[in-house]
Amino acid sequence: MRYLVTGGAGFIGSHLCDKLIGEGFKVICMDNLITGSLDNIRHLVKNKNFIFIKHNVSNKINIKGKLDYVLHFASPASPVDYLKYPIQTLKVGSLGTYNALGLAKAKKAKFLLASTSEIYGDPLVNPQREEYYGNVNSIGPRGVYDEAKRFAEAITMAYHRVHGVDTKIVRIFNSYGPRMRQDDGRVIPNFILQAMKNKPITIYGKGLQTRSFCYINDLIDGIYKLMFSNVNGPINLGNPEETQILELAKKIVALTRSKSKIVFKPLPEDDPKVRCPDITKAKRLIKWHPKISLETGLSLLLSS
Ligand code: UDP
């Protein structure tokens, strides 16, 4: 079995490569390294079942030989990154997904799309079920990511319906763990770095907005289950333990015994007010639920 992971040198992609190599698959990891890093896969490069190819999947993908699965994880994924690379984000979600699907079709491989809770935008219902259509500002700063992923879902379903490709879509909610870039701007690495240096913890807005944080091991476990399921519709994967950002800041200060003070900064445009996955489908269809609480996950991350 030979699998391609696009974005394989990124945070989630590299953990997925680890899992697949651990399960005995051959893995081709493809990444253009704009937000991914070779440091994330350095431990794998000597493995005879692992190959790294530096390539931007927004351009045509050529792979010689057979391929059994295309797992499309390439994309800038943190708000700071997709604001820095708006056009690359739009291209990898659209052209990159088109190229990855074309490859899966040509190779008669299965296909899995890494989608996102961002497709729900600033949701008007909470928690979010897969049936909710979302509330996205197409022309706002986050639109580049949200709309690219919405297009990616649409073309994935079209390839499933028209060409019969066996496709899966995972809607990934906020996830965290080792290998997140310290400077990727996301809330957990930001707060941990600030707390460790006893620098002010920067809360955007009043900190009353909520997120639900899933530890990477739980997420990978869910993705793996979805890969081998017969589910073709989108599946939410995330931890339904909803936390206010202010509460998260206090937790991290306590866990790190930091002397940091909390400071309040302007809320970024279109920052969702709530976000929490309804995981009824994941529980029912792929028998998955997260096992690692936020407290445990943060401790694991801090000791990694
Ligand atoms: N946030 C914050 N301080 C930071 C970084 C982020 O208060 O230093 C907030 C951000 O405004 C958002 C939440 O934390 O409401 C989660 O942000 P993140 O960038 O991690 O991911 P998002 O869920 O917005 O994609």
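So, a few notes on the structure that sits alongside this text. (Residues numbered from 1 in each chain as written. Predicted model: local features only at pLDDT ≥ 70, side-chain atom pairs only at ≥ 80, totals over all residues. Heavy atoms only, no water.)

1. Quick notes on the packing of aromatic side chains
This model, assessed by the stated rule, comprises 10 aromatic pairs. Centre to centre, the rings of Tyr120 and Tyr132 are 6.1 Å apart; their planes meet at 20°, and the pair counts as stacked. One end of the pair, Tyr120, is in the loop between β5 (110-116) and α4 (143-163); the other, Tyr132, is in the loop between β5 and α4, with 12 residues separating them in the sequence. Assessed through its relative accessible area of 0%, Tyr120 is described here as buried. Ring centres of Tyr224 and Phe228 lie 5.0 Å apart, and the angle between their planes is 65°; on these two criteria the pair is classed as edge-to-face. Looking at Tyr224, the relative accessible area reads 16%, which means it is buried. Judged by relative accessible area, Phe228 falls into the partly exposed class, the value being 41%. Members of the aromatic cluster, connected to one another through ring pairs, are Tyr3, Phe25, Tyr69, Tyr224 and Phe228. (Phe/Tyr/Trp six-rings, centres within 6.5 Å; stacked < 30°, edge-to-face > 60°. Helix = DSSP H or I, 4+ residues; strand = E, 2+ residues; numbered from the N terminus. Buried < 20%, exposed > 50% of the residue type's maximum accessible area, 1.4 Å probe, protein only.)

2. Focus: the nonpolar core
It is characteristic of soluble globular proteins that their nonpolar side chains tend to be buried jointly. If you look at the biggest cluster of nonpolar residues, it comprises 57 residues, and the most contacted ones within it are Leu20, Leu71 and Ile223. It is helix α6 (residues 216-227) that provides the largest number of residues to this core, a total of seven residues. Setting aside its immediate chain neighbours within four residues, Ile223 contacts Ile12, Leu16, Phe73, Leu112, Val170, Ile172 and Leu237. (Core = buried A, V, L, I, M, F, W, Y, C linked by side-chain atoms within 4.5 Å. Contact = heavy atoms within 4.5 Å.)

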